[in-house]
Amino acid sequence: MTKAVFYHAGCPVCVSAEQQLLGLLSQDVQVDVVHLGEQPGRLAEAEQAGVQSVPALVVEGQVLHINYGAALADLKA
């Protein structure tokens, strides 16, 4: 089973992307949804994975930035 992480900040753009994206992924993909506004301790993890903005999906080390919502740096402030 493929594992993926979907990082978002809870904004309307992020929530919409989450709903649409998760509905499209096959059942062979296990997605960990991380709301960085509620889990700020995982910001460093997102940065380490190469996430620059949210919403973003990380699959097998590849980062897919989706419809730029907010820079990761903005979430640190």
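Because the structure is a prediction, the values reported are computed rather than measured.

### A look at the overall build of the chain
Assigned secondary structure in the chain consists of 3 helices and 4 strands. Reading the chain from its N terminus to its C terminus gives the helix and strand order β-α-β-α-β-β-α. Its C-alpha atoms give the chain a radius of gyration of 11 Å, near enough to 11 Å, the size a compact globule of 77 residues would have. Within the chain, contacts between residues separated by at least 24 positions form 60% of all contacts whose residues are at least 6 apart in sequence. Carbon together with sulfur atoms contributes 50% to the accessible area of the chain, which is approximately 4,600 Å² in total.

### A short note on unusual backbone geometry
Residue Pro55 is reached from Val54 by a cis peptide bond, and omega for that bond is 5°. Within the fold, Pro55 resides in strand β3 (residues 53–59).

### Points about the pairing of β3
Among the 7 residues of β3, 6 are classified as buried, and the element is accordingly described as predominantly covered. The pairing of strand β1 (residues 2–8) with β3 spans 4 bridges and is antiparallel. Bridged to Val5 within β3 is Val58. Where β3 lies against strand β4 (residues 62–71), 6 bridges are found, and the strand directions are antiparallel. Note on β4: the bridge partner recorded for Ala56 is His65.

### Focus on the environment of Glu38
Along the chain, Glu38 falls in the loop between β2 (29–35) and α2 (43–49). Take Glu38: its relative accessible area is 63%, and that puts it in the exposed class. Here the alpha-carbon distance between Glu38 and His8, two residues 30 residues apart in the chain, equals 9.9 Å.

### With respect to the sheet that holds β3
Strand order in the open sheet formed by 4 strands is β2-β1-β3-β4, and the pairing between neighbours is mixed. Strand pairing shows two members of the sheet lacking a second neighbour, β2 and β4, which therefore form its edges. Averaged over all adjacent pairs, the angle separating strand axes in this sheet is 15°, with direction ignored. Relative to β2, β1 runs parallel, the two being bridged by 7 bridges. Bridge pairing in β2 links Lys3 to Gln30.

Conventions used here
- Just so you know, the residues in each chain are numbered from 1, in the order the chain's sequence is written.
- Where local features are concerned, this predicted model is filtered to residues with pLDDT of at least 70; where side-chain atom pairs are given and counted, the filter is 80 or more; whole-chain, interface and lining totals use all residues.
- Side-chain calculation: all heavy atoms of the structure are included, whereas hydrogens and water are not.
- Counting from the N terminus, the helices are the DSSP runs of H or I reaching at least four residues and the strands are the DSSP runs of E reaching at least two.
- Note on method: radius of gyration uses C-alpha positions; expected globular size equals 2.2 Å times residues raised to 0.38.
- Any pair of residues with heavy atoms lying within 4.5 Å of one another is described as a contacting pair.
- Using the Shrake-Rupley algorithm and a 1.4 Å probe, accessible areas are obtained, with residue cover drawn only from the displayed protein chains.
- Exposure classes here rest on a 1.4 Å probe applied to the protein chains alone. A residue is buried below 20% of its type maximum, exposed above 50%, and partly exposed in between.
- A pair of strands counts as paired when DSSP detects no fewer than two bridges linking them.
- Between the N-to-C directions of two axes lies an angle of 0 to 180 degrees, each axis being a line fitted to C-alpha atoms and, for a helix, fitted only over the stretch in contact.

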